Amino acid sequence: MPSRIRLLSTDFDGTLVAHGSDPVLDRGCMEQIEKLQGDGVLWAINTGRSVDLLQTGLTDFDFPIHPDFILTSERDVFRPSSNGGRWEPFGDWNERVAREHAELFQSAESVLAEVVDFVSQKTKARLLYHSAGLEGLVAENEAELDRVAEFIDRAREKQPKFHYQRNTVYLRFCHVDYHKGAALAELSRLLEIPREEIFAAGDHHNDISMLDGRYARYPACPANAILEVKAAVRSAGGYVATEAYGAGVREALLHFAHL
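First things first, this report covers the structure right here in the doc. (Residues numbered from 1 in each chain as written. Predicted model: local features only at pLDDT ≥ 70, side-chain atom pairs only at ≥ 80, totals over all residues. Heavy atoms only, no water.)

This part is about the overall build of the protein. Of regular secondary structure, the protein possesses nine helices and 12 strands. In terms of overall dimensions, the protein is globule-like: its C-alpha atoms have a radius of gyration of 18 Å, near the 18 Å expected for 259 residues. Taken along its principal axes, the extent of the C-alpha atoms in the protein is 50 × 40 × 35 Å. Counting across all 259 residues of the protein, residues that qualify as buried make up 54%. Accessible surface, the protein as shown: approximately 11,900 Å² in total, 47% of it carbon and sulfur. (Helix = DSSP H or I, 4+ residues; strand = E, 2+ residues; numbered from the N terminus. Rg over C-alpha atoms; globule rule 2.2 N^0.38 Å. Buried < 20%, exposed > 50% of the residue type's maximum accessible area, 1.4 Å probe, protein only. Areas by Shrake-Rupley, 256 points an atom, 1.4 Å probe, with all protein chains shown as cover.)

This is how it looks when you write it as structure tokens:
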């Protein structure tokens, strides 16, 4: 891999992990990333999963390699812990993100109330809560989630900072300025690695912010990516693989290596 790529940002589910397939992980992809790590390239998993759920996934799917950094919940940035734990916040980014989200949700209570009413009365979707309150929802299918997203897009016109991230049937409410791309930008700032030396790969709606060319010079997606992702990658001058899941990520890495 040429020295121009120094940081990899890869989605987890649907990109590296092929749910329902056997094998779940592409051996060639894992070997390629491991080789790059050996050459000094840093690897970050950029996922909608929480830290705990990501760690569970790494264990359950028997990952043979481990990331250098993790970007979780589509916004938080973690580095390996220096005090005995597995991961710790990298800088004060996570704290700032949490504060801005709390302030946003307080100011957007009326919009959230409209969304809750719509979801409860007009859909079969299930609202998801955590300790801080309403987090998002899970729809019965992607067509239903399309309807919910269209409603939120109308409702948020009076509160434009209120937004959402979506992946298959899951939707998470969020601040419009915080997403996978913003988390990647913060990691690149902390590591002093410019956009021109970053590769990113993903497959679904919530990956588009790191694949549209703003934060990664080398965006890519596997063949199983949704059409909107493929369009974003092509528009950014990236690479749409002919193979699915991890095999497609490896294909993209090799493509950029031979430019």
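This part is about the sheet that holds strand 11 (residues 218-221). Pairing is mixed across the open sheet formed by eight strands, whose spatial order is 5-4-3-2-1-10-11-12. Among the strands making up the open sheet, the edge pair consists of strand 5 (87-89) and strand 12 (239-240). Here three bridges tie strand 3 (residues 69-72) to strand 4 (residues 76-80), and the two strands are oriented antiparallel to one another. Counterpart to L71 in the pairing with strand 4 is V77. In the packing of helix 8 (residues 227-235) onto the sheet, contacts are made with strand 11 and strand 12, and the angle to strand 11 comes to roughly 155 degrees. (Pairing = 2+ DSSP bridges. Contact = heavy atoms within 4.5 Å. Axes fitted to C-alpha atoms, helices over the stretch in contact; angles between N-to-C directions.)

The next subject is unusual backbone geometry. Trans peptide bonds make up the majority, and among non-glycine residues the majority have a negative phi. Of note, the amide linkage connecting D22 to P23 takes the cis form, showing an omega dihedral of 10 degrees. Within the secondary structure layout, P23 lies in the loop between strand 1 (7-10) and helix 1 (27-38). Look at S73: it is not a glycine, yet its phi comes out positive at around 55 degrees. According to the relative accessible area criterion, S73 is buried, its value standing at 14%.

Right, let's get into the packing of aromatic side chains. For any pair of aromatic rings, geometry is given as the distance between the ring centres together with the angle between the planes. Scanning the model with the defined rule gives 10 aromatic pairs in all. Note on F105 and F162: the rings are 6.3 Å apart at their centroids and 70 degrees apart in plane angle, and the pair reads as edge-to-face. Placement of the pair is F105 in helix 3 (residues 93-107) and F162 in strand 8 (residues 162-167), with a sequence separation of 57 residues. With a centroid separation of 6.5 Å and an interplanar angle of 70 degrees, the aromatic rings of Y239 and F256 are classed as edge-to-face. (Phe/Tyr/Trp six-rings, centres within 6.5 Å; stacked < 30°, edge-to-face > 60°.)

Helix 9 (residues 245-257) packs onto helix 1 with a crossing angle of 40 degrees between their chain directions and a minimal axis gap of 8 Å. By the angle class used here, helix 1 and helix 9 are oblique. Helix 1 and helix 9 meet at a crossing whose hand is left-handed. Packed against helix 1, whose contacting residues are G28, C29, Q32, I33 and L36, the element helix 9 presents G246, V249, R250, L253 and L254 at the interface. Residues that form the contact of helix 1 with helix 9 fall into these classes: six nonpolar, three polar and one charged. (Parallel < 35°, antiparallel > 145°, perpendicular 65-115°, else oblique. Left-handed = near helix turned anticlockwise from the far one by under 90°. Nonpolar A, V, L, I, M, F, W, Y, C, P; charged D, E, K, R; others polar.)

The subject of this paragraph is helix 9. Note: α-helices contain 3.6 residues per turn, so residues at a spacing of three or four share the same orientation. With 13 residues, helix 9 extends 19 Å between its outermost C-alpha atoms, agreeing within 8% with the 18 Å of an ideal straight helix rising 1.5 Å per residue. If you check which residues of helix 9 are buried, you get G246, A247, G248, V249, E251, A252, L253 and F256. Looking at the buried positions of helix 9, the neighbouring elements they touch are strand 1, helix 1, strand 10 (198-201), strand 11 and strand 12. (Expected span 1.5 Å × (residues − 1).)

Right, let's get into helix 1. Here helix 1 spans 16 Å end to end across 12 residues, near enough to the 16 Å set by a 1.5 Å rise per residue. Of the residues making up helix 1, those classed as buried are G28, C29, M30, Q32, I33, L36 and Q37. Buried residues along helix 1 sit in contact with strand 1, strand 2 (42-46) and helix 9. The backbone nitrogen of G28 has a side-chain oxygen 3.2 Å away, supplied by the residue at the start of helix 1, namely D26. (Polar contact = N/O pair within 3.5 Å; in protein donor to acceptor, adjacent residues only side chain to side chain.)

Moving on: the pattern of salt bridges. Inspection of the entire model under this criterion finds 17 salt bridges. Its salt-bridge partner being E135, residue R172 comes within 3.7 Å of it at the nearest N-O pair. You can see R172 sitting in strand 9 (residues 170-175) and its partner E135 sitting in strand 7 (residues 133-138), a full 37 residues away along the chain. On the basis of relative accessible area, E135 is assigned to the partly exposed category, the value being 26%. When the shortest N-O distance is used, the salt bridge between D207 and K180 registers 2.6 Å. Of the two residues, D207 is situated in the loop between strand 10 and helix 7 (208-211) and K180 in helix 6 (residues 180-191); the sequence distance between them amounts to 27 residues. Using a relative accessible area of 0% as the deciding quantity, one classes D207 as buried. (Salt bridge = Lys/Arg side-chain N within 4 Å of Asp/Glu carboxyl O.)

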